[in-house]
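# Chain and residue survey
Given next are the chains, with one letter for each unit.
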Amino acid sequence: IGFMLAALNGLKTLSANIAGAYLNAPCAENIYTVLGPEFGDLEGRTAIVEKALYGLRTSGFSWRSTLANTLRYELGFEHG
């Protein structure tokens, strides 16, 4: 989306950082994890992963679907 906005406004894009892109997509599957010591009193409790993470099999698909739906339904773009 950033590249598109830059192109539409005649701006030059030198670089982009999409390291956290997957975190904008919901997790498509039920994934449970045990919390570590960094969670203090919650250590050892079970938590549900709600956002897609790198390394999960469906993360790429979830992110692509979220991006496609945003472009199509929220921004009005059509598949060409």
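Located above this text is the structure these notes cover.
Now for a description of the structure that goes with this document. A quick note: this is a predicted structure, and the numbers were derived from the prediction, not measured. (Residues numbered from 1 in each chain as written. Predicted model: local features only at pLDDT ≥ 70, side-chain atom pairs only at ≥ 80, totals over all residues. Heavy atoms only, no water.)

This part covers the overall build of the protein chain. When helices and strands are tallied, the protein chain shows two helices and two strands. Start at the N end of the protein chain and walk to the C end: the helices and strands fall as α-β-β-α. On C-alpha atoms alone, the protein chain measures out to a radius of gyration of 17 Å, which is more than a quarter above the 12 Å that the 2.2 N^0.38 rule sets for 80 residues. C-alpha atoms of the protein chain, sized along the principal axes, occupy 50 × 25 × 20 Å. Counting across all 80 residues of the protein chain, residues that qualify as buried make up 15%. Total accessible area on the protein chain stands at roughly 6,700 Å², and carbon and sulfur atoms take up 56% of it. Averaging the coordinates of the 6 positive side-chain charges in the protein chain and doing the same for the 7 negative ones gives two points 12 Å apart. (Helix = DSSP H or I, 4+ residues; strand = E, 2+ residues; numbered from the N terminus. Rg over C-alpha atoms; globule rule 2.2 N^0.38 Å. Buried < 20%, exposed > 50% of the residue type's maximum accessible area, 1.4 Å probe, protein only. Areas by Shrake-Rupley, 256 points an atom, 1.4 Å probe, with all protein chains shown as cover. Lys, Arg positive; Asp, Glu negative; His and termini not counted. Charge placed at Lys NZ, Arg CZ, Asp CG, Glu CD.)

Mapped onto the elements, Gly44 comes out in the loop between strand E1 (32-34) and strand E2 (46-48). Sequence spacing of Gly44 and Gly60 is 16 residues, and the spatial spacing of their C-alpha atoms is 29 Å.

Treat this as a map of the structure, not an account of what it does.
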